[in-house]
Amino acid sequence: MRTVRASMPLGDFLVAYLRKIGVTHLFGIPGDLVLRLFSRLGRPRGLRIITLSHEPGVGFAADGYARATGRIGVVCVTYGAGGHNMVNPVAGSFSERVPVLVISGGPAEQERRLGTLIHHQAKAIESQLRIYEELTCAARVLDDPATAAASVHDVVRTMWREQRPGYLEIHRDMVERRITVPRDIVEWDGTLQFARSDARRVDEAVRETTARFNAARRPLAMVGIETFRFKLQREVRALAERMGAPVTTTVLGKGAFPMDHPLNMGVHIGPISPPPIVRRVDRADLVLNLGTLLTDMNLGSRPPQITRDRSIWAVGGRVNVSFHTYTDVHIRDFVHGLLRAPLRRHREVVRYCDNLARQPAETRRALRVADVLHEVNRFLRDRRGWLVVAESGDMLFAGLDVRVGGGGGYLAQGYYASMGFGVPGALGAQIGTGARPLVLCGDGAFQMTGPEIAQAPRYGLNPIVLVLNNGGWQIFRPVVTRHELLSVPPWPYARLADDWGGRGFYVERVDELRAALAEASRLPSFVVIEAVVRPDDLSPVTRKYIAASARRGRAAAA
Ligand SMILES: Cc1ncc(C[n+]2csc(CCOP(=O)(O)OP(=O)(O)O)c2C)c(N)n1
Ligand SMILES: [Mg+2]
């Protein structure tokens, strides 16, 4: 069952195939239409199955696993009720280029022939496939034993090339069907390939970039999420050091370049970046943009600040050099080409910038959001290997001012921005990497998927979840007049953690938070720290972002 053979039951093939590409875990919730497959996948020597409470949590966990490990995350759900519950997390994986493979069960052919509606069905049996065709780069129903293996291989290879989700539907009568596996798949060593570029175009794009770079006096590099997804961290660091120019990351790309690297200047979020970053970008005569998606979030909800004529933008298999484009130049080949090019070395001294004002020394006072960020930074300063996960809401923007060094990581949905990613995403990331997560989470977001933290003890996981309790969905408070529409009921967050097998802390003051974080780091179990802040208090970046976004909304309405 471990190895791929020329003829084997479809369920066993799937296990052997997934193991061959390095998948260790499968995230899911069973149902009758997927039960047989579910059991097959989780058989001894199969995949380690992680079940959570609700499919959205399952999807975010698989996404967190994939983001943090760089491997494919796999979910297994029942047809209809399960598959449809998985739509939002997978849409997020699609937007942010995370390879999550959705495996869904489905009704057997005999059941479909009865001519009745089948439980869990929506409009038609094919509806779920059609939905996933919209949310994945490749989607197939495995209904033919002669082609099933090739379909799996196609879907997975496309996912890897595109770093996007894929979909396989396996109806329950197919799980034990013997399939024929083509010889090339039996003999394949399990290595997945990224897309290949056109070598002549790469050469020319690199030559032109080098010439522009060497003519520039104040170049700057922006590092985006694609460099991370396409596993270029080491190369991008080497390239930055060869260039000696400042590096900024983006909202979505935060964590793609080490935050304690001497060339890292901080996070660029268009005109609402820290003023020294705005000024430095304005002064740049060349911006080399590696892998940044052109999103409103990355740009601070404003039109692009960098004009095309002084930028080189490598993203989505293309390199745009001012007003012309090289197609078929993928970022890996472009970066490797630049590493071989004779780049002139700059020696700019770079200072890391954030949006935080200095913290008052007095700590026996009510917490503010900015204090939370200062305390998190203080906590992380001399620790290694932590993984910070920021939830959507105020914490998504607040997190931009968190500095993770010491080989640690940072995950957030910096573009799709769905609430609910934080806690389950952290669980999946810890399962995949072993790194201990520190989750920054609003009370509203915690009420969506935070209770998945109750799953942590049985899997030996121990994130620290900082729940910012401001009484509701307060990120919108500056732009909503009826504040009562934003409130959420007060949950006893700290007590729930105690009841669920972890430890809870309740803090209202700066010194209390500092002490709770220190103690939490020594505890073996998961921890929830409920940190109470005022409903009208927001992080520095959120204040700027909400104002910019509201201005844009008014302009659109006018
Ligand atoms: C699934 C989902 N639903 C709704 C939203 C819209 N939304 C963005 S932030 C937010 C409120 C966040 O509240 P909370 O988690 O308490 O964070 P706060 O901003 O109060 O710190 C909402 C409802 C979203 N991003 N995702
Ligand atoms: Mg809140």
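From a predicted model like this one, the values you see are computed outputs, not experimental measurements.

J.: Is there a simple way to think about helix 20 (residues 510-522) in this case?
T.: Count 3.6 residues to each turn of an α-helix, and residues three or four apart come out pointing the same way. Along its 13 residues, helix 20 runs 19 Å from first to last C-alpha, staying within 8% of the 18 Å computed at 1.5 Å per residue. Those residues of helix 20 not exposed but buried are Val510, Leu513, Ala516, Leu517, Ala520 and Ser521. Taken around the axis of helix 20, the buried residues stretch over an arc of 130°, which confines them to a single face. Against the buried residues of helix 20 lie helix 15 (369-381), strand 18 (437-442), strand 19 (464-469), strand 20 (503-507) and strand 21 (527-532).

J.: Teacher, can you tell me more about the coordination of the magnesium ion (ligand 2) here?
T.: Six octahedral donors around a metal ideally sit at 90 or 180 degrees from one another, while four tetrahedral donors ideally sit at 109.5 degrees. Here the magnesium ion (ligand 2) is held by Asp443 (OD), Asn470 (OD1) and Gly472 (O), and the distances to it run 2.0 to 2.1 Å. In the primary sequence, the donor residues of the magnesium ion (ligand 2) line up as D-x26-N-x1-G. Here Asp443 is found in helix 18 (residues 443-449), whereas its partner Asn470 is found in the loop between strand 19 and helix 19 (493-499), with 27 residues between them in sequence. Residue classification places Asp443 among the buried residues on the basis of a relative accessible area of 1%.

J.: Is there a simple way to explain the site of ligand 1 in this structure?
T.: In the neighbourhood of ligand 1, 16 residues make up the surrounding shell, with Asp443, Gly444, Ala445, Gly472 and Gln474 lying closest. Within the contact set of ligand 1, an oxygen atom lies 2.8 Å away from a backbone nitrogen or oxygen of Ala445. A distance of 2.9 Å is found between an oxygen atom of ligand 1 and a side-chain nitrogen or oxygen belonging to Asn470. Its free accessible area being 590 Å², ligand 1 has 78% of it covered by the protein chains. The element contributing the most residues to the shell around ligand 1 is helix 18, with four residues. Of the residues in the shell around ligand 1, the class split is seven nonpolar, seven polar and two charged.

J.: What's the story with the packing of aromatic side chains in this structure? I'm lost.
T.: Here the distance between the centres and the angle between the planes together describe a pair of aromatic rings. In the structure shown here, the tally under the stated rule is twelve aromatic pairs. Centre to centre, the rings of Phe13 and Tyr17 are 5.6 Å apart; their planes meet at 45°, and the pair counts as tilted. Here Phe13 pairs with Tyr17, and both are found in helix 1 (residues 10-20), just four residues apart, close to one helical turn. Both residues of the pair, Phe13 and Tyr17, count as buried. Centroid distance Tyr17 to Trp188: 5.5 Å. Interplanar angle 25°. Geometry classified as stacked. Taken as a pair, Tyr17 in helix 1 and Trp188 in the loop between helix 9 (183-187) and helix 10 (199-215) lie far apart in primary sequence, 171 residues in all. Each member of the pair, Tyr17 together with Trp188, is buried. By way of ring pairs, the aromatic residues Phe13, Tyr17 and Trp188 are connected into one cluster. The ring of Phe94 has Arg164 lying over it, and the distance from NZ or CZ to the ring centre is 4.4 Å. Residue placement shows Lys254 over the ring face of Tyr410; its charged tip is 5.0 Å from the ring centre.

J.: What is the right way to look at a nonpolar patch on the surface in this model?
T.: On the surface, Trp473, Phe476 and Val479 cluster together into a nonpolar patch covering about 290 Å² of accessible area. With a relative accessible area of 43%, Phe476 lands in the partly exposed category.

J.: Even after reading the chapter, I still don't get the packing of helix 15 against helix 20, so can you show me in this structure?
T.: The angle between the axes and the distance between the axes are what describe a pair of packed helices. Running from amino to carboxyl end, helix 15 crosses helix 20 at an angle of 35°, the nearest separation of the two axes being 10 Å. Where helix 15 crosses over helix 20, the handedness of that crossing is right-handed. Note on element contacts: helix 20 touches helix 15 through Val510, Leu513, Arg514, Leu517 and Ser521, opposite Asp371, Val372, Glu375, Val376, Arg378 and Phe379. For the contact of helix 15 with helix 20, the residue count by class is six nonpolar, one polar and four charged.

J.: What am I meant to see in unusual backbone geometry here?
T.: In most cases, non-glycine residues show a negative phi, while peptide bonds are predominantly trans. The phi dihedral of Arg97 is positive, around 60°, even though this residue is not glycine. Residue Arg97 is classed as buried on the basis of its relative accessible area of 10%. Notably, Asp328 is not glycine yet its phi reads approximately 60°, a positive angle. Among the structural elements, Asp328 can be located in the loop between strand 15 (324-326) and helix 14 (331-340).

J.: Just to check I follow, could you spell out the pattern of salt bridges for this structure?
T.: For side chains of opposite charge, pairing can occur when their charged atoms come near one another. Going through the model one piece at a time under the given rule, you end up with 24 salt bridges. Between Glu226 and Arg97 there is a salt bridge, and its shortest N-O distance comes to 3.0 Å. Note that Glu226 is positioned in helix 11 (residues 225-229) and Arg97 in the loop between helix 5 (87-95) and strand 5 (100-104), a separation of 129 residues in sequence. Between Glu375 and Arg514 there is a salt bridge whose closest N-O contact spans 2.8 Å. Of this pair, Glu375 sits in helix 15 while Arg514 sits in helix 20; the two residues are 139 residues apart in sequence, bridging distant segments of the chain. Classification of Glu375 as buried rests on a relative accessible area of 1%. Here Arg514 falls in the partly exposed class, since its relative accessible area comes to 27%. One salt-bridge network, in which partners are shared between bridges, spans Asp12, Arg36, Arg40, Arg43 and Glu176.

Rules behind the numbers
- Residues numbered from 1 in each chain as written.
- Chains lettered and ligands numbered in written order.
- Predicted model: local features only at pLDDT ≥ 70, side-chain atom pairs only at ≥ 80, totals over all residues.
- Heavy atoms only, no water.
- Helix = DSSP H or I, 4+ residues; strand = E, 2+ residues; numbered from the N terminus.
- Expected span 1.5 Å × (residues − 1).
- Buried < 20%, exposed > 50% of the residue type's maximum accessible area, 1.4 Å probe, protein only.
- Arc of directions from axis to C-beta.
- Contact = heavy atoms within 4.5 Å.
- Donors = N, O, S within 2.8 Å, 3.2 Å for Na, K, Ca; no water.
- Near = heavy atom within 4 Å.
- Polar contact = N/O pair within 3.5 Å; in protein donor to acceptor, adjacent residues only side chain to side chain.
- Areas by Shrake-Rupley, 256 points an atom, 1.4 Å probe, with all protein chains shown as cover.
- Nonpolar A, V, L, I, M, F, W, Y, C, P; charged D, E, K, R; others polar.
- Phe/Tyr/Trp six-rings, centres within 6.5 Å; stacked < 30°, edge-to-face > 60°.
- Lys NZ or Arg CZ within 6 Å of the ring centre and 35° of its normal.
- Patch = residues over 30% accessible without salt bridge, like charges linked within 9 Å, V, L, I, M, F, W, Y side chains within 5 Å.
- Salt bridge = Lys/Arg side-chain N within 4 Å of Asp/Glu carboxyl O.
- Axes fitted to C-alpha atoms, helices over the stretch in contact; angles between N-to-C directions.
- Left-handed = near helix turned anticlockwise from the far one by under 90°.

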